[in-house]
Amino acid sequence: MINYFNDYANLCFEKFGDRVKHWITFSNPWTHAKVWHSYNTTWRREQRGMVGISLTSGWGEPVDPHSQTDRDAAERYIQFHLGWFANPIYRGDYPEVMKNYVGKKSAQQGLGTSRLPTFSVQEKTYIKGTSDFLGIGHFTTRYVLQKKFPFLQVSSYHTDHDLAELVDPNWPAPGPKWLYSVPWGFRRLLNFIKTQYGNPLIYVTENGVSETLQCPQLCDEWRIQYLKGYINEILKDSLITHMEMVTEIVLPTVFTLCILISIVLLIFYLRNHS
């Protein structure tokens, strides 16, 4: 699989690299690293592009910020979501808490080795540092607390981290039931990335909310409020260095939305005056 994807990526670099300068790979550390090294060795000098990875993660907030147990659970939430893929690339290995919890659950199942793979020293060196930018997809936030799951002969990703997720019923839910509008969670996620991974170049690759109503006319207030809230959180002072990077993708997205709205309004105007 890794070699097939690398062949595909090299074909893309060959055919489109003179025009495409930002590439997003596969959300697997080893596959991503293979492609990054191929670009770095063969294509970067000529094409002067960038190769990154795009990862999606919510933010986990401890139910009780004064409780060490809840703070640890919130940390596990982030590490099991974002750290699973980002840690190997930026720090050279899977998160320690993930290795400990998956290893413990694997031992309870009677397995001789952890269900989480182990990187060799050479693999860690090969993977670490292989990203020119980090793409982030983020939509919502959860409150998190410790929850012990009963022993299961067949454990899973969802029971490995021993935590429960809650939502505040007062959070706006403009889209599907799982998607609550919690803008401050995005700011905290970006601050976490800045602290944990050395303030990398960030592009917001996924963010937004789906429709809740089928409207015969233009009615997009919920999406406007959602985007406004999230963009304003990113623009706060503590993330001003991030915004020098994030606006490269966020603001063009908003401008594109404005253009589309203008086109729709123009169509309505022309229909009414034809």
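For the structure itself, consult the block above.
No experiment lies behind these values; they were computed from the predicted model shown. (Residues numbered from 1 in each chain as written. Predicted model: local features only at pLDDT ≥ 70, side-chain atom pairs only at ≥ 80, totals over all residues. Heavy atoms only, no water.)

K.L.:
Can you help me understand the sheet that holds strand β4 (residues 134-137) in this one?
P.N.:
Hydrogen bonds along the backbone pair up the strands of a sheet, which may run parallel or antiparallel. Ordered by their spatial adjacency, 4 strands build an open sheet running β1-β2-β4-β7, and the pairing between neighbours is parallel. With one partner strand each, in any of the chains shown, β1 (22-24) and β7 (202-206) form the two edges of the open sheet. Direction aside, the axes of adjacent strands within the sheet are offset by 35° on average. Packing of helix α2 (residues 29-47) onto the sheet brings it into contact with β1 and β2 (50-56), and relative to β2 it is tilted by some 160°. Its contacts with the sheet place helix α7 (residues 183-196) against β4 and β7, and it is angled at close to 155° to β4. (Pairing = 2+ DSSP bridges. Helix = DSSP H or I, 4+ residues; strand = E, 2+ residues; numbered from the N terminus. Axes fitted to C-alpha atoms, helices over the stretch in contact; angles between N-to-C directions. Contact = heavy atoms within 4.5 Å.)

K.L.:
Whenever I open this one, unusual backbone geometry confuses me. Can you help?
P.N.:
In this model, D162 sits at a positive phi of 50°, which is unusual for a non-glycine residue. By the element assignment, D162 lies in the loop between α6 (157-160) and β6 (163-166). With a phi close to 55°, N199 is a non-glycine residue in the positive phi region. Position of N199 relative to the elements: it lies in the loop between α7 and β7.

K.L.:
Help me out: how do you make sense of the packing of helix α3 (residues 68-91) against helix α4 (residues 96-108) in this one?
P.N.:
Packed helix pairs are specified by the crossing angle of their axes together with the interaxial distance, meaning the distance between the axes. Between α3 and α4, whose axes approach to 9 Å, the crossing angle comes to 105°. As the angle between them shows, α3 and α4 are arranged roughly perpendicular. Where α3 approaches α4, its residues R76, Q79, F80 and W84 are matched on the opposing element by V97, M98, Y101 and V102. Residue composition of the contact of α3 with α4, grouped by class: 6 nonpolar, 1 polar and 1 charged. (Parallel < 35°, antiparallel > 145°, perpendicular 65-115°, else oblique. Nonpolar A, V, L, I, M, F, W, Y, C, P; charged D, E, K, R; others polar.)

K.L.:
Is there a simple way to think about the side chain of S57 in this case?
P.N.:
Along the chain, S57 turns up in the loop between β2 and β3 (59-62). We classify S57 as buried; its relative accessible area is 3%. Apart from residues lying up to four places away in sequence, S57 is in contact with H81, L82, G137, H138 and L189. (Buried < 20%, exposed > 50% of the residue type's maximum accessible area, 1.4 Å probe, protein only.)

K.L.:
I'm lost on the sheet that holds strand β5 (residues 141-146) in this one. Help?
P.N.:
Judged by pairing direction, the sheet is mixed, and its 3 strands sit side by side in the order β3-β5-β6 without closing on themselves. Unpaired on one side and paired on the other, β3 and β6 mark the two borders of the sheet. Direction aside, the axes of adjacent strands within the sheet are offset by 40° on average. Packed onto the sheet, α3 meets β3, β5 and β6 and runs at close to 125° relative to β5. Of the strands in this sheet, β3 and β5 touch α7, which is tilted by about 100° from β3.

Taken by themselves, the reported measurements are silent on function.
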